[in-house]
Amino acid sequence: MTATIDKKLKLLHVVRRYGPVGGMERYVWEITRELRDLGHQVEVLCEICLAEKPEGIVVHELGTIAPRPRWLALLRFGKRVAHWLEANPRPGSVIHSHERLSSHHITTFHGPPFATVFEKPWWRLISLRVAMQLFLERRELSVAAQIVPNSQFIKQQLAHYYPELAHKLTEPVVPGVAATVLRESRRVPAGGGVIGFVGREWQRKGLPLAAEIVAQLRRARPDLQLCVVGPEVKEVQHLFAGWQGGYRLLGWSDQAHYAEFDVLLHPARAEPYGMVISEAMAARVPVVISEVCGAATQVTADAGAVLPLAASSAEWASAVEEQLRRGDEPPRFIRSWNDVALEYEIIYRKQLVN
């Protein structure tokens, strides 16, 4: 047993796009580099590497696949991975998938299961696309010896839709947060303040509701501003047609401007995790979010507020107002990517013991 614990690991991560180009992709990018720094032998198998290949990590590129239809792209990538492993076996390695594969030991589930489609009208189920997505998802989960959800919310969903596979679920391994600029300690002016909204998928993440909430608050706070980071300006300009100032549409930016916010507002309808939430808390920005965000379990009472989806816009406005009026600073949220890698070490070692 001691020999197993002392042994450096051989790890093969599989992801279609390798690089810090999205939420899941950043998760893979960060943990592979941290695992390398811990002294493990790390390889990555991908379609394409979208950043400079990290020193000390061997990256194998299989070539890009037409992205549509998505189910076919996933199926084709899975077949390429299986053929590559047949030609390049990796005995003693732990194969860690982040995709819909059929040849892995561990899979990390980064988003809500496709099986939520069963909650929709029956006629939404009658298509080849739905059948193939459900097939790929069940195959991925059935093959894996361990299934790692990236939030407690995702773990609950997987256990609900796949109860016969629930015994494979590990404790969630939530994303880390990079160092960020801290919000300076300040009191928000009685008539003003800055509410931040961050997210490209603005409809799912609740921008229409956020605009409605801030519009209500501006009746008592005429200088209050809503700062929107993520969506293309032309896509969301119509939400502010009746406004006379009071908003800034910044489009996409590598800098999310957290230090400028007095509150992060994230009333998402569905959010597997919500990196913007933990990033805001890491900058000591209070947050007001919906209960369906995976990061909700990290939001303590002194960090902000978590509201049910059924809450009215008035209830949302009241919760935001409470955060604008607070006289203390929220605690700084700290979770390094090294912490994430160390949690995966435990999962990998369990795999090797079994």
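Our subject is the structure that appears above.
Everything numeric here is computed off the predicted structure, so don't read it as measured data.

A. Local environment of the overall build of the protein. Helix and strand counts for the protein stand at 10 helices and 14 strands. The C-alpha atoms of the protein give 22 Å as radius of gyration, which agrees with the globular expectation for 354 residues (20 Å, within 12%). When its C-alpha atoms are laid out on the principal axes, the protein stretches across 65 × 50 × 35 Å. Residue burial in the protein is summarised as follows: out of 354 residues, 52% are buried. In the protein, the share of contacts with a sequence separation of at least 24, taken over all contacts with a separation of at least 6, comes to 63%.

B. Broad picture of the packing of aromatic side chains. In the structure shown here, the tally under the stated rule is 8 aromatic pairs. Ring plane angle 80° and centroid distance 5.0 Å describe the contact between F240 and W243, whose orientation is recorded as edge-to-face. Taken as a pair, F240 and W243 share a single burial class, namely buried. With centroids separated by 5.8 Å and ring planes inclined at 25°, the aromatic side chains of Y344 and Y348 adopt a geometry described as stacked. Of the two residues, Y344 and Y348 are both situated in helix 10 (residues 337–353); the distance of 4 residues between them amounts to about one turn of the helix. Sitting over the ring of W252, R200 keeps its end group 4.0 Å from the ring centre.

C. Seen up close, the side chain of E47. Structurally, the position occupied by E47 is in the loop between strand 3 (41–46) and strand 4 (48–49). With a relative accessible area of 5%, E47 lands in the buried category. Once residues lying within four places of it in the same chain are set aside, the contact partners of E47 are V15, R16, E61, L62, G63, T64, I65 and F77.

D. Representation of the side chain of T107 within the structure. Structurally, T107 is set in strand 7 (residues 106–109). Residue classification places T107 among the buried positions, given a relative accessible area of 0%. A polar side-chain atom of T107 sits 3.5 Å from the main-chain carbonyl oxygen of S97.

E. Examining the nonpolar core more closely. I195, L207, L226, L265, V288 and V320 are the most contacted members of the largest nonpolar core, which has 28 residues in total. Secondary-structure elements contributing two or more residues to this core are strand 9 (194–198), helix 6 (207–217), strand 10 (225–229), strand 12 (263–266), strand 14 (304–307) and helix 9 (313–325). In terms of residue count, helix 6 provides more of this core than any other element does, 6 residues in total. Among all residues touching L226, those that are not within four sequence positions of it are I195, F197, L207, A210, A211, V214, F240, G246, Y247 and R248. Counting residues in hydrophobic clusters, the runner-up holds 26 residues, among them V276, A283, C293 and A295.

Reading the values: rules and limits
- Residues numbered from 1 in each chain as written.
- Predicted model: local features only at pLDDT ≥ 70, side-chain atom pairs only at ≥ 80, totals over all residues.
- Heavy atoms only, no water.
- Helix = DSSP H or I, 4+ residues; strand = E, 2+ residues; numbered from the N terminus.
- Rg over C-alpha atoms; globule rule 2.2 N^0.38 Å.
- Buried < 20%, exposed > 50% of the residue type's maximum accessible area, 1.4 Å probe, protein only.
- Contact = heavy atoms within 4.5 Å.
- Phe/Tyr/Trp six-rings, centres within 6.5 Å; stacked < 30°, edge-to-face > 60°.
- Lys NZ or Arg CZ within 6 Å of the ring centre and 35° of its normal.
- Polar contact = N/O pair within 3.5 Å; in protein donor to acceptor, adjacent residues only side chain to side chain.
- Core = buried A, V, L, I, M, F, W, Y, C linked by side-chain atoms within 4.5 Å.

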